[in-house]
Amino acid sequence: AIPVRSSRLPLLSDAMPAPAHLFPLIRNCEISRICSTVCYCHHKHLCCLSHFAHSHFRYASQKKLVALHRPKENFNHFIHTRDYASTPQRFYLTPPQVNSILKANEYSFKVPEFDGKNVSSVLGFDSNQLPANAPIEDRRSAATCLQTRGMLLGVFDGHAGCACAQAVSERLFYYIAVSLLPHETLLEIENAVESGRALLPILQWHKHPNDYFSKEASKLYFSSLRTYWQELIDLNSGETTDVKEALINAFKRLDNDISLEAQVGDPNSFLNYLVLRVAFSGATACVAHVDGVDLHIANTGDSRAMLGVQEEDGSWSAVNLSYDHNAQNEHEVERVKMEHPKSEEKSLVKQDRLLGLLMPFRAFGDVKFKWSIELQKRVVESGPDQLNDNEYTKFIPPNYHTPPYLTAEPEVIHHKLRPQDKFLVLATDGLWETMHRQDVARIVGEYLTGVHHQQPIAVGGYKVTLGQMHGLLTERRARISSVFEDQNAATHLIRHAVGNNEFGTVDHERLSKMLSLPEELARMYRDDITIIVVQFNSHVIGACQNEEL
């Protein structure tokens, strides 16, 4: 396998989801009974069966979810009016318990200094995840390119299970790194494999212990990657690789390999089922490649990249570096319509979903929206019983005439970093559903500069009593001097995303209630949240800018 500098942990398997057309049947206690008849899981202890209903929200049409899905904005009404017979008294998590939940998956990395000076345009990054699904369907990755310059960071939002997001989080950076390698280095790596010598390390991973690698699939993944670099060697043009082209090629090739591996299968029954679960589930991806002042964002789906800019007056503004690939993007809707006959125009996008089912219009995996009906039937019928007995895998989307309807090709945006560009936020849609980008820029900017403790408290036009203002000031003092203080920018942002009140400050009571929700309810009010906050080195960026002038 490819040498890496991080420990490998055992694969945690997720399960296949319940089919979309079962949603009208599911209510209250029926969830577990119905799901248990259509779901298979290798590790029952890792899953709550009702998770499969919620994990499929990105597929089911909105009309079918009316009875099941409570709007997030009604949360306050719900938590104040509904009583559980088993818990007559209210239960609140203490601040240390809240912190324990929020900080469980946080990770920080500082770029090492050389001779007392940091020569990288990246100072470091903070990342964190807060699950809503059980198990969490989001993934994250960060690595330094060792044979070329630059750093890679990405967030991956899975749907219909976590299998595809897991595979993409492990594999995509290798495909990008290989795409960026010069011809001579590719030859050196291939010769080392051929002669059995040790390989040059390609990536140095920066991973939280929970961000595991799949040991069982490593040989299969390596074989597919080797085939890719062999083809790059054969296609050598002698020209310097363009970063944008490398990113596009890497995304498309990995998605193609995911599809091909599922079609070919594997004699190992575990691997055979794994590659099928990866292909039949899906994942969006938002990846950043930072090299000096050159920042490239490659986005497939509806996760987002946002640049935090500090203006001359010290205020913060947000610059979008990605566009959502969904029904709210008119250009994306037009792209989909142009790729299919005029006769399908009315059925392509229904209720803001692709074919009335899928929210993102670009994604890895999701072969149900890419393969022909004949190929789907052949793979399912010849696959393991767990796949053949699953209603979802046998379900064909309506009005399915001219596949593929879905692509993993990313939209790539290039940005030249400036000294006023202070940080980058990569996050799955769980964050952007709850917070506006301008609020994200302000909260992170004030956190990184320490200004959030000195800013006047804004009440946004609300009439505030003296007692309420006293409470807000008391809470601020507690945050400065107690366990509320976060050491991780991503954790700080999640705290606000989940616990913000109408005044834009964290309400501990609200935060406690949100984090106390049982698994079967949590997904109704929010999605998994995964965030990476990258802090830039303004001095290095300014020096690079001056050299170019």
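Residues numbered from 1 in each chain as written. Predicted model: local features only at pLDDT ≥ 70, side-chain atom pairs only at ≥ 80, totals over all residues. Heavy atoms only, no water.

Taking an unreviewed UniProt entry as the reference, the chain is identified by name as [Pyruvate dehydrogenase [acetyl-transferring]]-phosphatase 1, mitochondrial belonging to Aptenodytes forsteri. Looking at the chain in UniProt, the text filed under Subunit (unreviewed entry) is "Heterodimer of a catalytic (PDP1) and a regulatory (PDPR) subunit." Looking at the Function (unreviewed entry) heading of the UniProt record, one finds this comment for the chain: "Mitochondrial enzyme that catalyzes the dephosphorylation and concomitant reactivation of the alpha subunit of the E1 component of the pyruvate dehydrogenase complex (PDC), thereby stimulating the conversion of pyruvate into acetyl-CoA." (UniProt positions renumbered as here; feature names shortened; annotations may be inferred.)

*Asks:* Looking at this model, I keep getting lost on the overall build of the chain. Mind explaining?
*Replies:* Within the chain, the secondary structure is distributed over 21 helices and 15 strands. Each of the 549 residues in the chain was classed as buried or not, and the buried ones make up 55%. Contacts in the chain between residues far apart in sequence, at least 24 positions, make up 77% of those at least 6 positions apart. (Helix = DSSP H or I, 4+ residues; strand = E, 2+ residues; numbered from the N terminus. Buried < 20%, exposed > 50% of the residue type's maximum accessible area, 1.4 Å probe, protein only. Contact = heavy atoms within 4.5 Å.)

*Asks:* Just to check I follow, could you spell out the packing of helix α5 (residues 163–180) against helix α8 (residues 243–264) for this structure?
*Replies:* The packing of two helices is summarised by the inter-axis angle and the distance between the axes. α8 packs onto α5 with a crossing angle of 135° between their chain directions and a minimal axis gap of 8 Å. On the basis of the axis angle, α5 is oblique to α8. As for how α5 packs across α8, the hand of that crossing is right-handed. On the side of α5, the interface is formed by Val 168, Arg 171, Leu 172, Tyr 175, Ile 176, Ser 179 and Leu 180, while α8 contributes Val 243, Ala 246, Leu 247, Ala 250, Phe 251, Arg 253, Leu 254, Asp 257, Ile 258 and Glu 261. Of the residues in the contact of α5 with α8, the class split is 12 nonpolar, 1 polar and 4 charged. (Axes fitted to C-alpha atoms, helices over the stretch in contact; angles between N-to-C directions. Parallel < 35°, antiparallel > 145°, perpendicular 65-115°, else oblique. Left-handed = near helix turned anticlockwise from the far one by under 90°. Nonpolar A, V, L, I, M, F, W, Y, C, P; charged D, E, K, R; others polar.)

*Asks:* Which parts of the structure should I look at to understand the layout of surface pockets?
*Replies:* A water-sized probe rolled over the atoms picks out the places where empty space is left. Volume-wise, the largest pocket comes out at about 700 Å³. Lining the largest pocket are 26 residues, with Ser 179, Leu 181, Glu 239, Thr 240 and Thr 241 positioned closest to its centre. Taken together, the elements giving at least two residues each to the lining of the largest pocket come down to α5, α6 (183–195), α7 (218–234), α8 and β6 (282–291). Ranked by residue count, the leading element in the lining of the largest pocket is α8, at 5 residues. When the residues that make up the lining of the largest pocket are grouped by side-chain class, the tally is 9 nonpolar, 10 polar and 7 charged. (1 Å grid on protein atoms, 1.4 Å probe; cavity = no way out; pocket = protein on both sides within 12 Å on 5 of 7 lines; lining within 4 Å. Points joined across faces, edges and corners; volume = space filled by probe spheres on them.)

*Asks:* Just checking my understanding: could you explain the packing of helix α4 (residues 95–102) against helix α19 (residues 508–516) for this structure?
*Replies:* Between α4 and α19, the shortest axis-to-axis distance is 10 Å and the interhelical angle comes to 55°. Classified by the interaxial angle, the pair formed by α4 and α19 is oblique. In terms of crossing hand, the pair formed by α4 and α19 is left-handed. Contacts between α4 and α19 involve Pro 95, Val 98, Ile 101 and Leu 102 from the former and His 508, Leu 511, Ser 512 and Leu 515 from the latter. The class makeup of the residues in the contact of α4 with α19 is 6 nonpolar, 2 polar and no charged.

*Asks:* Honestly, the pattern of salt bridges in this entry has me stumped. Any pointers?
*Replies:* Any two side chains of opposite charge can pair, on the condition that their charged atoms come close. Tallied over the full model, the rule gives 21 salt bridges. A salt bridge links Glu 332 to Arg 335, with the nearest nitrogen and oxygen atoms 2.6 Å apart. Placement of the pair is Glu 332 and Arg 335 together in helix α10 (residues 330–338), with a separation of 3 residues, close to one helical turn. Overall, Glu 332 belongs to the buried group, its relative accessible area being 3%. Between Lys 342 and Glu 345 there is a salt bridge, and its shortest N-O distance comes to 3.2 Å. Through salt bridges with shared partners, a single network forms among Glu 332, Arg 335, Glu 339 and Arg 362. (Salt bridge = Lys/Arg side-chain N within 4 Å of Asp/Glu carboxyl O.)

*Asks:* I would appreciate a short explanation of the packing of aromatic side chains in the present structure.
*Replies:* Each aromatic ring pair is characterised by the separation of its centres together with the angle its planes make. Per the stated rule, a full pass over the model turns up 12 aromatic pairs. Look at Phe 280 and Trp 371: their rings are 5.8 Å apart centre to centre, the planes differ by 80°, and that puts the pair in the edge-to-face class. Here Trp 371 lies in the loop between β12 (364–365) and α12 (373–382) and Phe 280 lies in helix α9 (residues 269–280), a separation of 91 residues in the sequence. Accessibility assignment for this pair places Phe 280 and Trp 371 in one class, buried. (Phe/Tyr/Trp six-rings, centres within 6.5 Å; stacked < 30°, edge-to-face > 60°.)

*Asks:* Is there a simple way to explain α5 in this structure?
*Replies:* One turn of the α-helix equals 3.6 residues, which is why residues spaced by three or four share an orientation. Taking 1.5 Å of rise per residue, the 18 residues of α5 would be expected to cover 26 Å, and the 27 Å separating its terminal C-alpha atoms lies within 8% of that figure. Of all the bends in α5, the largest measures some 35° and sits at Arg 171. The element α5 is largely enclosed, with a buried count of 18 among its 18 residues. (Expected span 1.5 Å × (residues − 1). Bend = angle between axes of the 7 residues up to and from the residue.)

*Asks:* Mind showing me how you'd approach the sheet that holds strand β14 (residues 421–427) here?
*Replies:* Backbone-to-backbone hydrogen bonds pair the strands of a sheet. The strands run either parallel or antiparallel. Ordered by their spatial adjacency, 6 strands build an open sheet running β1-β2-β15-β14-β8-β9, and the pairing between neighbours is antiparallel. A strand with exactly one partner marks an edge of an open sheet, and here the two such strands are β1 (107–110) and β9 (316–320). Taken over all neighbouring pairs, the strand axes of this sheet differ in orientation by 20° on average, direction set aside. Here helix α16 (residues 437–449) sits on the sheet and contacts β8 (304–310), β9, β14 and β15 (529–536); the angle it forms with β9, its principal contact strand, is near 125°. (Pairing = 2+ DSSP bridges.)

*Asks:* Is there a simple way to think about the confidence of the model for the chain in this case?
*Replies:* Regions with low pLDDT carry predicted coordinates that are not meant to be interpreted in detail. Here the chain averages 82 in pLDDT, while 77% of its residues score no lower than 70. In this model, residues 1–57 is a region of pLDDT below 50 whose contacts with residues beyond four sequence positions or in other chains number 152 contacts. (pLDDT = per-residue confidence, 0-100.)

*Asks:* I keep staring at the pairing of strand β4 (residues 151–159) and nothing clicks. Help me out?
*Replies:* Side chains on a regular strand alternate between the two faces of the sheet. With 9 of 9 residues buried, β4 is to be regarded as a mostly interior element. Residue alternation in β4 divides its side chains into two sets, Met 151, Leu 153, Val 155, Asp 157 and His 159 and Leu 152, Gly 154, Phe 156 and Gly 158, and both sets are buried. Sheet topology places strand β3 (residues 138–145) next to β4; 7 bridges connect them, and they run antiparallel. Pairing of Arg 140 across the sheet is with Val 155, part of β4.

*Asks:* What's the story with the nonpolar core in this structure? I'm lost.
*Replies:* Most often, soluble globular proteins keep nonpolar side chains buried together rather than apart. Judged by nonpolar contacts, the single largest core of 63 residues is most densely connected at Leu 172, Phe 173, Ile 176, Leu 203 and Phe 364. No other element matches the 13 residues that α5 contributes to this core. Excluding its chain neighbours within four sequence positions, the residues that come into contact with Leu 172 are Phe 156, Ala 250, Phe 251, Leu 254, Val 287 and Phe 364. (Core = buried A, V, L, I, M, F, W, Y, C linked by side-chain atoms within 4.5 Å.)

*Asks:* Could you clarify how one ought to interpret the side chain of Ser 322 in this entry?
*Replies:* Within the secondary structure layout, Ser 322 lies in the loop between β9 and α10. Under the relative-accessibility criterion, Ser 322 is labelled buried at 6%. Of note is the side chain of Ser 322, whose polar atom sits 2.9 Å from the backbone nitrogen of Ala 305. For Ser 322, the contacting residues outside a window of four places in its chain are Ile 297, Asn 299, Ser 303, Arg 304, Ala 305 and Ile 413. (Polar contact = N/O pair within 3.5 Å; in protein donor to acceptor, adjacent residues only side chain to side chain.)

*Asks:* When you look at the environment of Lys 422 in this model, what are you seeing that I'm missing?
*Replies:* Along the chain, Lys 422 turns up in strand β14. According to the relative accessible area criterion, Lys 422 is partly exposed, its value standing at 23%. Along the sequence, Lys 422 and Gln 310 sit 112 residues apart, while their C-alpha atoms lie 6.7 Å from each other. Apart from residues no more than four positions distant in its own chain, Lys 422 is found in contact with Gly 308, Gln 310, Trp 316, Val 534, Gln 535, Phe 536 and Ser 538.

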